[in-house]
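Close look at the chain arrangement
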Amino acid sequence: MFASTDIPAGALLGVYPLLILSHEDTERLKTTRVYHYVFYVDEREEDGAVRAAVAFGKISMCNHSPDANADFYVDGEAETVTLTSRVALKAGDEILIDYEDFADEAI
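Keep in mind the model is a prediction, meaning the values are calculated, not measured.

What follows covers unusual backbone geometry. A positive phi is found at E79, a non-glycine position, where the angle reads about 60°. With respect to the helices and strands, the residue E79 is situated in the loop between β5 (70-75) and β6 (80-85).

This is the structure in structure tokens:
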């Protein structure tokens, strides 16, 4: 995803709906290519089983970078993921997010 105009730091880039998967469905996805495109939601305390979510909308086009220029926040209760600019962006800049701890599994 790329910025179409100059964007100030801290700007709301979008709020996108999530389809939150069960622990069992998340486990099934781990062997598929789809798993590379999900967002981490949470995990169960008793066994560490992870729940992931599929995001709808442009955020699913954001690539990973450890030097991300945008941040995201997954709200499991609201079933949304919010994307904001971390730094000022220029028109044409690629919007990059850090997949954080999930990057090792997702990439």
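Looking now at the pattern of salt bridges. Tallying each qualifying case throughout the model produces 6 salt bridges. The salt bridge partner of R51 is D42, with a shortest N-O separation of 2.6 Å. The class of R51 is partly exposed, set by a relative accessible area of 23%. In this structure D42 comes out as partly exposed when scored by relative accessible area, which is 27%. Between R44 and D47 there is a salt bridge; the shortest N-O distance is 2.9 Å. Given a relative accessible area of 25%, R44 falls into the partly exposed group. A single salt-bridge network, built from bridges that share partners, covers R44, E46 and D47.

Turning next to the side chain of N69. With respect to the element layout, N69 can be found in the loop between β4 (63-64) and β5. In this structure the side chain of N69 is engaged in a polar contact, spanning 2.8 Å, whose partner is the backbone oxygen of E94. In this structure the side chain of N69 is engaged in a polar contact, spanning 2.8 Å, whose partner is the backbone nitrogen of L96. Filtering out sequence-adjacent residues up to four positions away, N69 remains in contact with S85, R86, V87, L89, E94, I95 and L96.

Conventions we followed
Residues numbered from 1 in each chain as written. Predicted model: local features only at pLDDT ≥ 70, side-chain atom pairs only at ≥ 80, totals over all residues. Heavy atoms only, no water. Helix = DSSP H or I, 4+ residues; strand = E, 2+ residues; numbered from the N terminus. Salt bridge = Lys/Arg side-chain N within 4 Å of Asp/Glu carboxyl O. Buried < 20%, exposed > 50% of the residue type's maximum accessible area, 1.4 Å probe, protein only. Polar contact = N/O pair within 3.5 Å; in protein donor to acceptor, adjacent residues only side chain to side chain. Contact = heavy atoms within 4.5 Å.

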